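The chain contents come next:
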Amino acid sequence: GCISSTKLNSATTISDVERTRRRDEALEKLSDYGAPSKYKIGYLLSRHDFQTLEKWFENTLQRYKQDVQFEWYLSRAYNAFSEEVVTLNDLDAWVASTGSYIAYAARGVHKAEQGFNARGTKFINETRPGQISEMQRYHEEAAKDLQTAIRKQPSLMPAYVWLINMAKSSDMPYTAKQIVQQAEEQDK
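All values derive from a computational prediction rather than experimental measurement. Residue numbering note: each chain is counted from 1, following its sequence as written. Side-chain atom pairs in this predicted model are given and counted only at pLDDT of 80 or more, local residue features only at pLDDT of at least 70, and totals for whole chains, interfaces and linings cover all residues. The side-chain quantities take in all heavy atoms of the structure and omit both hydrogens and water.

S.K.: Is there a simple way to explain helix H4 (residues 71–79) in this structure?
M.R.: Because the α-helix completes a turn every 3.6 residues, residues three or four places apart line up on one side. Among the residues making up H4, those that are buried are Tyr-73, Leu-74, Ala-77 and Tyr-78. The buried residues of H4 occupy one face: seen down the axis, they fall within an arc of 135°. Burial here depends on accessible area, computed with a 1.4 Å probe over protein chains only, as a share of the maximum for the residue type. Under 20% is buried, over 50% is exposed, and the range in between is partly exposed. A run of H or I in DSSP counts as a helix once it spans at least four residues, and a run of E counts as a strand once it spans at least two, with each numbered from the N terminus. Directions from the helix axis toward the C-beta atoms define the arc.

As structure tokens, this is what we get:
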């Protein structure tokens, strides 16, 4: 009994050491990239330099496809569209100009965040019904854009993340579990 227990603990320790090494390696790789600049993204969008934006986001997606550890960076890049440095008018112009999956995802992220902002951060019993219906309206619009982005680029994981977050907060025509399953079908 004592020998097998020692072997089990030894294997667990090696596994923990390996897991820590891999985590540290991944964090070091990500720190080399830094965080995406929401200000640069906002600047390019405000100048309607859609070609540069699309090239950069496409390259970011390709990096993720080559190395799953790059997912954090890809997600952070799309989260820039939830920031106040981005306007809905610029996003509408981008969608109208290119109709790309990137433009739809960007606008979907922006609208999703607008929905969360409309709801506010108070407890539900302290939230006015109008705030909930405004969140619902934004989330319905966001879901259409994000689902369009996924139809055009099924491996765009940040779009799934936002759809899951909305399913947890709003009355959506899908569940978070359904979106997780859909995402796993595209990328294990």
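Here the narrative resumes.
S.K.: Would you mind showing me how to read the packing of helix H2 (residues 38–46) against helix H3 (residues 50–66) here?
M.R.: Think of two packed helices as two axes; the pair is described by the angle between the axes and how far apart they sit. Axis geometry follows a simple rule: fit a line to the C-alpha atoms, using only the stretch in contact for helices, then measure angles between N-to-C directions, giving values from 0 to 180 degrees. Contact geometry for H2 and H3: axes closest at 8 Å, N-to-C directions at 140°. One way to sum up the angle between H2 and H3 is to call them oblique. Side by side, H2 and H3 meet where Ile-41, Leu-44 and Leu-45 of the first sit next to Phe-50, Thr-52, Leu-53, Trp-56 and Phe-57 of the second. Three classes are used: nonpolar for Ala, Val, Leu, Ile, Met, Phe, Trp, Tyr, Cys and Pro, charged for Asp, Glu, Lys and Arg, and polar for all others, with Gly counted as polar. Classifying every residue of the contact of H2 with H3 by side-chain character gives seven nonpolar, one polar and no charged. Working definition: roughly parallel below 35 degrees, roughly antiparallel above 145 degrees, roughly perpendicular at 65 to 115 degrees, and oblique for all remaining angles. In what follows, a contact means two residues having at least one pair of non-hydrogen atoms within 4.5 Å.

S.K.: Sorry if this is basic, but what is going on with the pattern of salt bridges here?
M.R.: Opposite charge on two side chains lets them pair, provided their charged atoms get close. Any Lys or Arg side-chain nitrogen found within 4 Å of a carboxyl oxygen on Asp or Glu counts as a salt bridge. Counted by the stated rule, this structure contains six salt bridges. Note that Lys-38 is salt-bridged to Glu-83, the shortest N-O span being 3.4 Å. Residue Lys-38 is located in helix H2, and its partner Glu-83 is located in the loop between H4 and helix H5 (88–98); the two are separated by 45 residues in the primary sequence. Judged by its relative accessible area of 24%, Lys-38 is partly exposed. Look at Glu-83 and you get partly exposed, because its relative accessible area is 22%. With its nearest N and O atoms 3.0 Å apart, the salt bridge here joins Asp-92 to Arg-107. A residue pair is termed long-range when its members are at least 10 positions apart, and Asp-92 in helix H5 and Arg-107 in helix H6 (residues 101–119) qualify at 15 residues. Residue classification places Asp-92 among the partly exposed residues on the basis of a relative accessible area of 30%. Given a relative accessible area of 13%, Arg-107 falls into the buried group.

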